[in-house]
Each structure stands twice: as structure tokens, then as C-alpha cells.
Amino acid sequence: MNHLHAASSSPGRPFLSPCVPARRPRPRLFQGLLVALACLGACKQTEKAESTATAALTPAASAASAAPLTVGFVYVGSRGDYGYNQAHAEGAKALTALPGVKVREEENVPETVAVQKTMESMINLDGAKLLFPTSFGYFDPHILTMAAKYPDVTFLHCGGLYTEGKHPKNVGSYFGYIDEAQYVAGTVAGLTTKSNKLGFIAAKPIPQVLRNINAYTLGALSVNPAVTLSVIFTGDWSLPVKEAEAANSLIDQGADVLTSHVDSPKVIVETAERRGAFSTGYHASQAALAPKGYLTGAEWNWEKIYTDYVTKVKEGKPWDHLVRGGLKEGYVKLSPYGEAVSADTRKKADEAKAGLAAGTLVIFKGPLQSNTGKEILAAGMSRGQTDIELEKMDYLVKGVKGSLN
Amino acid sequence: MTASAPIGAELGAGSSRRSLLGERALGWLEEVLPTLGAIVVSLALFGAFVALAGHSPLAVYAEMYRGAFGTWFSLQNSLLRAAPLMLTGLCTALPARLGLIVIGGEGALVVGGLAAGAVAIPLQGSPPALVIGSMMLAAMLAGGAWVGAAGALRVLRGVNETISSLLLAYIGIAIFNHLVEGPLRDPASLNKPSTPYIGDANMLGNLPGLDVHWGLAFGIIACFGCHVLMEHSVFGFAARVVGGNPRAARLSGLNVPRLVILTCCLGGAAAGLAGMVEVAAIHGKANASLLAGYGYAGILVAFLAGHNALGILPVAILLGGINASGGLLQRTFGLPDAAVNVLQGILFVVLLGSQTYRGRLRLRAARA
């Protein structure tokens, strides 16, 4: 009877104490408290041991870090995502070629305390003196918190969020005007499409994303006024299933060139290839995923920025807190043209590229209307690449099918 | 009470106090051995996995220990990661005592964080104690309502609580995204839509002397409180009777719907509080960073802890430690990030399998 009772107890059976209500609870409660106290005591001891250990280690550690510079990279997704994180990892890889530089990387770090602890762990356990936490959402509060705590470590963040006087001195931020590359990719798409329907799969209707959608559309319209672009917002940066559904849906609606602004365009480019549609890439090159239909793509060239920064930090030279640039500075680039891109198209796209690099071609110039009929820029007005107004973009240009809410 | 009869018999059989203590220790061992065995088996399996990946399992475990508990920094790192898991673990563990499987803790956490972020907006300038108190209350009410709704659907309309709590989590996340990117958005948060900053004065901060925020204290207090409630109160006894046999509970006059809804509310309130801690101790605002999967990890914690509130504490710290050491494994051995997920997966399956040995393992002498 007794065994039967024990064996038939519910799955919710407790772990530390049997659920027989008649037992006296008190002694066990005290035991628990005692164990907790003992643990606390042990922690205190560890703390003491730890602080003496670090005190003893500090001179040795700093002497060792004087030789090679340890650079830490933190990614929000996978290093091999054919997208945002891969672009940064390729930049990090270029650093390993530099003498006296050691690179430590960690991937799939969420934008929570986890990233703070990863940074701290890189500083404390790996001796990193320069950190590149690459996700946009790492900046506030995570990088700012760590930068205040470790003033002798340099934190460089991708996103261009640094504000002089407001943010710590050991923080810098960099970003590229990738809408220039998107404009050129748009011209390729506009000249290649047969249905005159383009598709854009985007994560969120935020200024950075809208700027890419608009630049891509304006690029396509500059060479083919009959073009329309349909946009689908998935709602988040990495939703492969929704992205594939959106890609299929856009192709079903007649779009024959797809592009995207999500963390990894992988499934979109693959879906387009499988359905016989063209695609243009984003972040990194996805050419290997779609040998037939990949036209070109807007890519980051972080290698350039990272090499510049690391060389300066290593030599103890001052570095810029805010670094931005486009095609001219070599911070963004285009994937090599795919085989489906005609010679004439290449010529026109190269002209646009040259114009943007030289500064003679301006993407956002009047007359410019939003797709809701609002006038954005009157004829004769223009907003150059560095115009801060462009960073508050909250409209889709005429020619885009889609809405922000 | 029939349940006490075997114990009484046991008491009579034990002639001296010493043998009684021995009996109790053995009884405790019977409870704990399957779990310990499962952990050993999991470590062996993961060791084989690591060896297949071309690394020495011992070196990997040494590094994991260093990353999880080996230094004061690592230990605090593990505790920090354990804090939200304690609260979200309760969200699954408490309803489980009534026989319900609730897996929607993520939804309660998200609406809790949203409520906390939202309630701080009109209270700007008020004393921090009022703001923080209101944020806690709002988060617990919102989280409680969310899981309470799943419980109510179960007892009033017969809807499966596992499905409804999961679907409610999706609804919660959708509402969260809509409000954070729309009506509650701070216009200054251009490329990362967020609610307005709650202000430096209203941040929870760290526990005195520790590099771990107040969420850890909330988690420990909540686990102890729920332990007392579920194991040593009339409410808890009634809840466990419902878990054992809801029909018998109803026949003996217990108000089953009330017990189910209240317990679900309590679990949801714990997860909602976890959301508030994320807002008030880390981000300072509600944004998409709250969707870090703590709610789903809480399911794992609750099952590993056998749905015992006190058991949640060591399990959460163990999982916190595994997560804390994951980064070091990547950096030292170049193991993929998924390595620690593999370990967690192995641990989960083996531990659940080991539960079948619970109550069957006998160390105590057989009684006549």
C-alpha cells in the first residue's frame, strides 16, 4: 500500500521534500535557510579569494596585453548567416591578418544583460582592450553601461549613434550610407525586370529601412519609370518562415526581382532562385545561394573601417568618434554583377555608382512625393547624403506599394 | 488523514531517533538520486558530443566551470542570468501543481514589461518608490491577467490551457509590438522603437555589494514564498488535491475554478514581474529586447525542478551557469553557440526520462 502510494503520486511531485502534508515542515525550512547561509558564506570567501587573485594578476595581465591587442567581436546572430552578422565577421576576419592583433568572437548574443556579460567576460577573461559589439540594439543601455564601468577599454559600435558630450569618451560609432549601394542595385533591378514589379521584404518601418526602400525604388525609377515596388514588413529582424512566405507571396503577385532588409536575406534569395525570380542582396554577398538569379547586392565593407580603427587604436593615435561614409569612402560596395545582368545594364549601373561616389548624383531630390501624395521635396530642393533630416525618414516614396502601419 | 497512516507506521517501526534520521536521509536520497544520476548521464552524453567535435570533454568542462561558477565574476554572471528564470519558472511550476501545463510565460513577461514601461510614463517626477511600486504592481497585474485568462478559459470554457497560454503569448507579443512601435513609442527612438526612458532615479539598480540586479532577490523571495504557499498552507494543499484528482477535489467541496484561476494569476504575476525587472533594472524602457525567450526557458526550468518552487532555485542557477559559460566555450574552443543548447536539450530529455524512476527507487528497507 505504501509503495503504491509513492509510485502513483502526481508528476508535480516536489523535488526536495515529499508532498505528504502531515510531515512537520519546520526543521526542513531551517535546513534550507542554513544551506542558504552557508552558500552566502562561501560566496563571500570566493569574493575575497577572487579579489586577491585579481590583484596579483593585474600587473602580469597588463604587461601581457601591451604586446598583442585583443579585439572582441559580438554578434547578435550567427556568423555564417549570409547577412548582417556575416558582413561583420568578414570584417573581423580581415583583422586577423594584422600583426599583433588577436580576435575573439562570440555569436548569437541577445540584446539583454547577456551582451553586457559577454563584453565583461571578454575584458576580464580574454584581456580585450577594443570591443566591436556589432548589433544596433547593443548600444543603449549595454555599451553605455560597460563603457562607464571600463573607461580604459574602447567600444566601437555599428549604427552611428554617438553624440558628442552625451556619451562616454571611450565610445565611438560608425555607419555606412548603404542607400547609395541600394540605389545602384535598384537601377539594376529596374533594367532587368520584365514584369516591372519589384518586391522588397523589410523587417520594420524604421528610418534606416525606409531609406533603403526609397533609395532602391528611386534607383529603379531613374532608369524605368514604369516600375512599381511592393513592400512587405515582417515585423522583426530574423523571421525566416515569414520571409519565405513574403517572398512567395510577392512572386505570386508578379514581382520578378526581390530584395530585402532583414538580418539574413538567405531564405529570400533562395526562394527567389527556386521560383525562377531574380534577386538583389543585402549586407553580404548571397551570390553563392542563387547562381542564376542573383543580380547584385548592397554590401557593407567593414574590413575597411575595422582595419582603420584597429591600426589607430593599436598605435595609440586618436580615432574619430563618429565615422560615416558611402561608396566614395569605400564603406559600402556592390556584389559583382551576376550573369543575368546585361552589358547595357552594367554600364548604366556603373554610371550611377560613379555619380554617387563623385557626389554629382543626389538620391533624394525634388520633386519628390510620398506614396500617400504628400510633397516631401519641392522641385529644385535636394537633401545630400549627410543631411540629418534623412535619418528621420517616415515616408515611402511614390512608386512604392505598401504602408507604414 | 490516510496519507499520514504509513508515516505513523514508519514512526512506530523506527525504534530510535537515529534510525529515524537515517530513514529520512535515505528517503531524501531516493528523491534526489534520479536527478543526480540524470545530470551525470547528461554530462557523459555531452562529453561524447564534445569529443566527437574534437575537443577534450574534461577541458571543456573545466572551462565551463570557470565560465559559470569558477570566479566571482562568473558566479555573479550565472546568478544574473538565473534571476529571470526563477520568476518565469514559477509561471509554469505553480499551475503544474494543479495539473495544468502552462507554456505561455513569455506572454506574461512581455505584457508585464509593457505595463511597467507604460505606467512609468505618466508617473515621471513622482518619488521613485511610488514609480517602482506602481511598475511592479502593473507588471504583476498584467502578467497575472494574461495567464489567469488561460486558467479561466480552462475551468470555465474547457479550453486546453497549454494551447491557449501559448496563443495568448503570441497575442501579447503582437500587442506589445503594436504599442511599442505605435502609441507608446518614444519619438526619439528612431531606429529602435521603445517606450520612453523611465528615468535614472527609477532604475532598480544592483543588490548591495553585488553586480547582480534586484531581480535575483525578487526571484529568491518569490520561490521561497511560493514554496511556503504550496507546501505549507491550506491553499497549497487544496491546490495539490486538485492536481491529484480534480473530481475528488470538487466532490469534497473545493472551489476548483477559483483555485485554478488564482494559481494561474500567481504564476503569471511572477513572469510579469520578470518583465518589469528587465525594464526597470536593465533596459530602462520596454522594447523588442524583452523578447529574449526567458518565458520559454522558464518551462524547462519548471520541468527540471519537478514543479517544486524551491527546486527552481538550483535549476535556474544551473541553467544560468550553462548560459554564462556558453560564450567562453565559443571563444576558447570555437564550439558553435548551439553547443550549450545541445547540453540543455540532453539535460532536459534525460532528466524527464529519469522522472520515471522517481518513487520506484527504494533504498529504505522494505516494510512488511
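All values reported here derive from a predicted model rather than from experimental measurement. (Residues numbered from 1 in each chain as written. Chains lettered and ligands numbered in written order. Predicted model: local features only at pLDDT ≥ 70, side-chain atom pairs only at ≥ 80, totals over all residues.)

A. Focus on the overall build of chain B. Assigned secondary structure in chain B consists of 14 helices and zero strands. Walking chain B from its N terminus toward its C terminus, one meets helices and strands in the order α-α-α-α-α-α-α-α-α-α-α-α-α-α. Since a compact globule built from 368 residues should have a radius of gyration of about 21 Å, the 22 Å found for chain B is in line with a globular shape. For chain B, the spread of C-alpha atoms along the three principal axes comes to 75 × 60 × 40 Å. Going through the 368 residues of chain B one by one, you find that 52% of them count as buried. Within chain B, residue pairs in contact and separated by at least 24 positions form 77% of the contacts whose partners lie at least 6 positions apart. (Helix = DSSP H or I, 4+ residues; strand = E, 2+ residues; numbered from the N terminus. Rg over C-alpha atoms; globule rule 2.2 N^0.38 Å. Buried ≥ 20, exposed ≤ 12 C-beta atoms within 10 Å, placed from the backbone. Contact = placed C-beta atoms within 7 Å.)

B. Layout of the domain arrangement of chain A. Residue and element names in this part refer to chain A. For chain A, the assigned domains read domain 1 (68-176) and domain 2 (179-298 + 333-401). The C-alpha-based centres of domain 1 and domain 2 are spaced at 29 Å. Facing the eight residues of domain 1 at the interface are nine residues of domain 2. (Domains from an automatic or database assignment.)

C. Up close: unusual backbone geometry. Residues and elements named next belong to chain A. Along the chain, Asp140 connects to Pro141 via a cis peptide bond; the corresponding omega equals 10°. Here the amide bond leading from Gly366 into Pro367 is cis, since omega sits at -5°, within 30 degrees of zero. Considering the arrangement of structural elements, one finds Pro367 in the loop between β13 (364-365) and β14 (368-369). Even without being glycine, Asn196 reaches a positive phi, approximately 60°.

D. Region of interest: the sheet that holds strand β7 (residues 228-233) of chain A. Residue and element names in this part refer to chain A. Across the sheet, which stays open at both edges, the seven strands sit in the order β12-β10-β9-β8-β6-β7-β17 with mixed pairing between neighbours. Two strands close off the open sheet at either side, each with one partner strand: β12 (332-334) and β17 (400-401). With four bridges joining them, strand β9 (residues 278-283) and strand β10 (residues 294-300) adopt parallel strand pairing. If you follow Ser279 over to β10, its bridge partner there is Tyr294. (Pairing = 2+ DSSP bridges.)

E. Spotlight on the sheet that holds strand β1 (residues 69-74) of chain A. Residue and element names in this part refer to chain A. Taken in spatial order, the six strands of this open sheet run β2-β1-β3-β4-β5-β11, and their pairing is parallel. Lying at the two open borders of the sheet, with one neighbouring strand each, are β2 (101-106) and β11 (322-325). On average, adjacent strands in this sheet sit at an angle of 15° to one another, irrespective of strand direction. Here strand β4 (residues 154-158) runs beside strand β5 (residues 171-176); their pairing, made up of four bridges, is parallel. (Axes fitted to C-alpha atoms, helices over the stretch in contact; angles between N-to-C directions.)

F. Inspection of helix α6 (residues 179-192) of chain A at higher detail. End to end, α6(A) covers 19 Å across 14 residues, agreeing with the expected 20 Å (1.5 Å per residue, within 8%). In terms of residue burial, α6(A) counts as a mostly covered element, since 14 of its 14 residues are buried. (Expected span 1.5 Å × (residues − 1).)

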